[in-house]
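Take a look at the letters that make up each chain.
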Amino acid sequence: VDSPHSGRHYPADFGHALPFSVMRRAEDAWVDELFGDAARFGASFLAAEFARAYVDPNRHEHDMDADLVDGPLPAHARPTYRSEWGLGVVRRLLGAREPIYDRPLTVDEIHRRLDAYHRPYHETLGRMLDGAHRRAGCVYHLNVHSMLSKSRGRPRPDFVLSDRDGETSGPAFTGFVRATLERMGYSVAINDPFKGAEIVKRYGQPADGRHSLQIEIRRGLYMDERAVEKSDGFEALRSTMGALVEEVAGFARKGLAR
């Protein structure tokens, strides 16, 4: 299990112009705590401590924003639609298109963030997944996030599971997680509106026994989204996410037995 966006450490050189209370809305706040019991059920667990708005491990390191960088992009940069929207490996915008900075960033600043946080996160996650695959011949990976409860005024389901239309997880695993959550009483969507981003794309290879599934949790289930405060539903959901990990661990053990 990995939680790349729940970090609450804002490095001293961040230099964001928006108030800290606004910056916190970019966090997948407390998702690391929701899955904090994962190790009790035999799962490895990794959580980023750094803020995702500082540098985002769920973006490719070359996904750089030309409108954020002071001067030309480096030759290795490969901007995507996400960086064009201000949501690249280092964010330019937050929320309703609010600029995070009152100045451009240098390429050296971005590279320092990649060296200090982004690359070490992926090196650690890669070692964990490779080690499990080497020991067992397969690995089941949950990449966990939270999402706004509404989009353009329309309510979202309780959970969205994303496997890039079957590219990063076998249908049996995705289907099992969906059925488990629905049995628990939650509404679940598959690949809508999220297909899955860099982490599951990078590590999910179901033909090789590497199953990576992105999970988005509706924030209204456990927090006050605007105030970024836990709600009365937090402890119940934490217990439920522990039960989900326990179910997934059982699914993995049965698969190994077969």
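The sections below set out a description of the structure shown in this document.

Rules used in this analysis
Residues numbered from 1 in each chain as written. Predicted model: local features only at pLDDT ≥ 70, side-chain atom pairs only at ≥ 80, totals over all residues. Heavy atoms only, no water. Helix = DSSP H or I, 4+ residues; strand = E, 2+ residues; numbered from the N terminus. Buried < 20%, exposed > 50% of the residue type's maximum accessible area, 1.4 Å probe, protein only. Areas by Shrake-Rupley, 256 points an atom, 1.4 Å probe, with all protein chains shown as cover. Polar contact = N/O pair within 3.5 Å; in protein donor to acceptor, adjacent residues only side chain to side chain. Contact = heavy atoms within 4.5 Å. Pairing = 2+ DSSP bridges. Axes fitted to C-alpha atoms, helices over the stretch in contact; angles between N-to-C directions. Left-handed = near helix turned anticlockwise from the far one by under 90°. Nonpolar A, V, L, I, M, F, W, Y, C, P; charged D, E, K, R; others polar. Expected span 1.5 Å × (residues − 1). Bend = angle between axes of the 7 residues up to and from the residue. Phe/Tyr/Trp six-rings, centres within 6.5 Å; stacked < 30°, edge-to-face > 60°. Salt bridge = Lys/Arg side-chain N within 4 Å of Asp/Glu carboxyl O.

1. Observations regarding the overall build of the chain
Counting secondary structure elements, the chain contains seven helices and 12 strands. Counting all 258 residues of the chain, 52% fall into the buried class. As presented, the chain carries roughly 12,000 Å² of accessible surface, and 49% of it is formed by carbon and sulfur atoms.

2. Considering unusual backbone geometry
Of note, the amide linkage connecting Asp-192 to Pro-193 takes the cis form, showing an omega dihedral of 10 degrees. Relative to the assigned elements, Pro-193 resides in the loop between strand E9 (188-190) and helix H6 (198-203). Phi is positive for Arg-152, which is not a glycine, with a value near 55 degrees. In this structure, Arg-152 sits in the loop between strand E6 (150-151) and strand E7 (154-155). Its identity as a non-glycine residue notwithstanding, Val-228 has a phi of 55 degrees, on the positive side. Mapped onto the fold, Val-228 is located in the loop between strand E11 (223-224) and strand E12 (229-230). Judged by its relative accessible area of 7%, Val-228 falls in the buried class.

3. Re the side chain of Ser-169
Among the structural elements, Ser-169 can be located in the loop between strand E8 (159-162) and helix H5 (171-183). The class for Ser-169 is buried, based on a relative accessible area of 1%. Engagement of the side chain of Ser-169 in a polar contact is seen with the side chain of Thr-174, the distance being 3.0 Å. The contacts of Ser-169, once residues within four sequence positions are left out, are Asp-163, Thr-174, Pro-206, His-211 and Ser-212.

4. Describing the pairing of strand E10 (residues 210-218)
The element E10 is extensively covered by neighbouring structure, given that nine of its nine residues are classed as buried. Here E10 shows a buried face lined by Arg-210, Ser-212, Gln-214, Glu-216 and Arg-218 and a second buried face lined by His-211, Leu-213, Ile-215 and Ile-217. As paired strands, strand E5 (residues 139-147) and E10 are joined by nine bridges and run parallel to one another. Bridge assignment links Ser-146 to a residue of E10, and that residue is Ile-217. Of the strand pairs in this sheet, E8 and E10 are connected by four bridges, and their pairing is antiparallel. Bridge pairing links Phe-159 to Ile-217 in E10.

5. Structural notes on the packing of H5 against helix H7 (residues 234-257)
Closest axis-to-axis distance for the H5/H7 pair is 11 Å, and the angle between their directions is 145 degrees. The crossing of H5 and H7 is right-handed. Contacts between H5 and H7 involve Ala-172, Phe-173, Phe-176, Val-177, Thr-180, Leu-181 and Arg-183 from the former and Met-241, Leu-244, Glu-247, Val-248 and Phe-251 from the latter. Residue classes in the contact of H5 with H7 are distributed as nine nonpolar, one polar and two charged.

6. Digging into helix H4 (residues 107-136)
Compared with an ideal rise of 1.5 Å per residue, which puts 30 residues at 44 Å, H4 spans 41 Å between its outermost C-alpha atoms and is within 8% of the ideal. Along H4, the largest kink reaches about 45 degrees and is centred on Leu-114. Just downstream of H4, Gly-137 is the residue with a positive phi angle, here 90 degrees.

7. Here we look at the packing of aromatic side chains
Counted according to the given criterion, the structure contains 14 aromatic pairs. With a centroid separation of 5.3 Å and an interplanar angle of 70 degrees, the aromatic rings of Phe-14 and Tyr-54 are classed as edge-to-face. Of the two residues, Phe-14 is situated in the loop between strand E1 (2-3) and helix H1 (20-23) and Tyr-54 in the loop between strand E2 (46-47) and helix H3 (81-84); the sequence distance between them amounts to 40 residues. Across the pair, exposure class does not vary: Phe-14 and Tyr-54 are buried alike. Members of the aromatic cluster, connected to one another through ring pairs, are Tyr-10, Phe-14, Phe-20, Phe-50, Tyr-54, Tyr-101, Tyr-117 and Tyr-121.

8. Side note on the pattern of salt bridges
Applying the stated criterion to the full structure yields 20 salt bridges. Measuring nitrogen to oxygen at the nearest pair gives 3.9 Å for the salt bridge that ties Arg-52 to Asp-28. Taken together, the residues span a long stretch of sequence, with Arg-52 in the loop between E2 and H3 and Asp-28 in the loop between H1 and helix H2 (31-34) at a distance of 24 residues. For the pair Arg-52 and Asp-28, a shared accessibility class is recorded, and that class is buried. Put simply, Asp-65 and Arg-92 hold a salt bridge, and the shortest N to O gap is 2.6 Å. With Asp-65 in the loop between E2 and H3 and Arg-92 in the loop between H3 and strand E3 (93-94), this residue pair connects regions lying 27 residues apart in the sequence. Grouping residues by exposure puts Asp-65 and Arg-92 together as buried. The network of salt bridges with shared partners includes Arg-8, Asp-32, Glu-33 and Lys-230.

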